[in-house]
Structures are given as C-alpha cells and as structure tokens.
Amino acid sequence: MSTSQFIFETSVPALWLLIAVIGASIHSARSTKLPRLEIWQRWWAVAALGCGSAWMTLSFLVIPDVMTTAIGFPQTPFVTEIAFANLGLAIGGFRAVRAGARERITIGLIAGMFLWGATLGHVYQSLAHGNWEPGNTGGVLAYDVLIPAVMIILAVRSRRLESAAPATVS
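Residues numbered from 1 in each chain as written. Predicted model: local features only at pLDDT ≥ 70, side-chain atom pairs only at ≥ 80, totals over all residues. Heavy atoms only, no water.

**Some thoughts on the overall build of the protein**
Consideration 1: Looking only at helices and strands, the protein has 7 helices and 0 strands in total.
Consideration 2: Ordered by position in the sequence, the α and β elements of the protein form the string α-α-α-α-α-α-α.
Consideration 3: A buried classification covers 40% of the 170 residues belonging to the protein.
Consideration 4: Residue pairs at least 24 apart in sequence account for 71% of intrachain contacts in the protein once pairs closer than 6 positions are excluded.
Consideration 5: A total of about 9600 Å² of accessible surface is found on the protein, and carbon and sulfur atoms cover 69% of it.
Consideration 6: If the 11 positive side-chain charges of the protein are averaged to one point and the 8 negative ones to another, these points end up 21 Å apart. (Helix = DSSP H or I, 4+ residues; strand = E, 2+ residues; numbered from the N terminus. Buried < 20%, exposed > 50% of the residue type's maximum accessible area, 1.4 Å probe, protein only. Contact = heavy atoms within 4.5 Å. Areas by Shrake-Rupley, 256 points an atom, 1.4 Å probe, with all protein chains shown as cover. Lys, Arg positive; Asp, Glu negative; His and termini not counted. Charge placed at Lys NZ, Arg CZ, Asp CG, Glu CD.)

**Describing the packing of aromatic side chains**
Between two aromatic rings, the relevant description is the distance of the centres plus the angle of the planes.
Consideration 1: Evaluation of the coordinates by the stated rule reveals 1 aromatic pair.
Consideration 2: Taking 6.4 Å as the distance between ring centres and 45 degrees as the angle between the ring planes, the aromatic pair formed by Trp16 and Trp55 counts as tilted. On the criterion of sequence distance, the pair formed by Trp16 in helix H2 (residues 14-30) and Trp55 in helix H3 (residues 36-62) is long-range, its members being 39 residues apart.
Consideration 3: When its relative accessible area of 25% is taken as the criterion, Trp55 is described as partly exposed. (Phe/Tyr/Trp six-rings, centres within 6.5 Å; stacked < 30°, edge-to-face > 60°.)

**Overview of the pattern of salt bridges**
Consideration 1: By the definition in use, this model includes 3 salt bridges.
Consideration 2: Two residues, Arg42 and Glu38, come together in a salt bridge whose shortest N-O distance is 2.7 Å. One end of the pair is Arg42 and the other is Glu38, both in helix H3 and 4 residues apart, which spans about a single turn.
Consideration 3: Judged by its relative accessible area of 22%, Arg42 falls in the partly exposed class.
Consideration 4: Accessibility expressed as a relative area gives 17% for Glu38, which makes it buried.
Consideration 5: The partner of Arg104 in a salt bridge is Glu38, with the nearest N and O atoms 2.8 Å apart. (Salt bridge = Lys/Arg side-chain N within 4 Å of Asp/Glu carboxyl O.)

By themselves these figures say nothing about function.
Take a look at the structure:
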C-alpha cells in the first residue's frame, strides 16, 4: 500500500470531526439566534456522532469485506454487531441535537463506553499483534477518543452554565 493511500484510508473517520468543526465554526460565526456553545453541541452531535456512526453502520452492513480488510480483522458475524452498535450511537447523536445538557452527557458517556473500548482494542491489536492497518490506527483512534470526549465536555460546560444562571420568577 502506498503512503498516500494509507493516509487517505486512515483519515476517512476523521472527516466527520472536520465536518463538525467547520460546520460549527461557520454556523456560530453567522448565527445570532443560538448561543455558540449550543451550536457546537448540535454540530458535534449530528455530524461527528450521528453521521459518523451512520456511515460506520452502512459501511459494516454494505461493504463488510472492505471494512474488515481496512481494520485488519477477519470477517466474522461480529461485524453485524459493530454495525448495529454504531446504529445505536447514530440514533443517540441525532437525538442529542435537541436534547438538554444532562441527556447529552448521558449520550456522550454511552458513546464513550463503546468507542473508548474500541480504542483500547485497536491499540492492543497494534501493539500486541502488529496490526498497523489504516482502519486500526490513525484517524479511527482520533474519532473514537474525541467524539465522546468533546460531547461530554461541551455538555458539562452547558450544564454548569445552566446551573449558574439566575433563576427567573414567573
């Protein structure tokens, strides 16, 4: 595999992070209706978690041989389980667009349990078995670590701001 092909293949998962950052940056620069923090939470939820996980779902269901080759794992029935776990994350990401901070924290934690566990698996496979395939290293690690971490950090910040806001009397 050429270096440029390896870089392309390992970078594909990180595109969802880039889309979320670019979308949130442009939207927050132009919007006066929503607070910047809310815009970033929505973009991160829909683009990074929602669309990224939907893409993973479709990839593992439609082209499982390509995905397992990219990861360097054998194709097993477990591929279908990965697809449907990602479908659950996609639904959570789309739900988080309109959720409150507390629910976003929960969705981020749920995503973290799966994605951080996947990160440990990828790192283990690399170090213990020399699996340096593009789908096992690089962009997928950034994707798996950053999506839940950023989601949780943004939601915690939002929750703290909600708690610090003075109560209004009706």
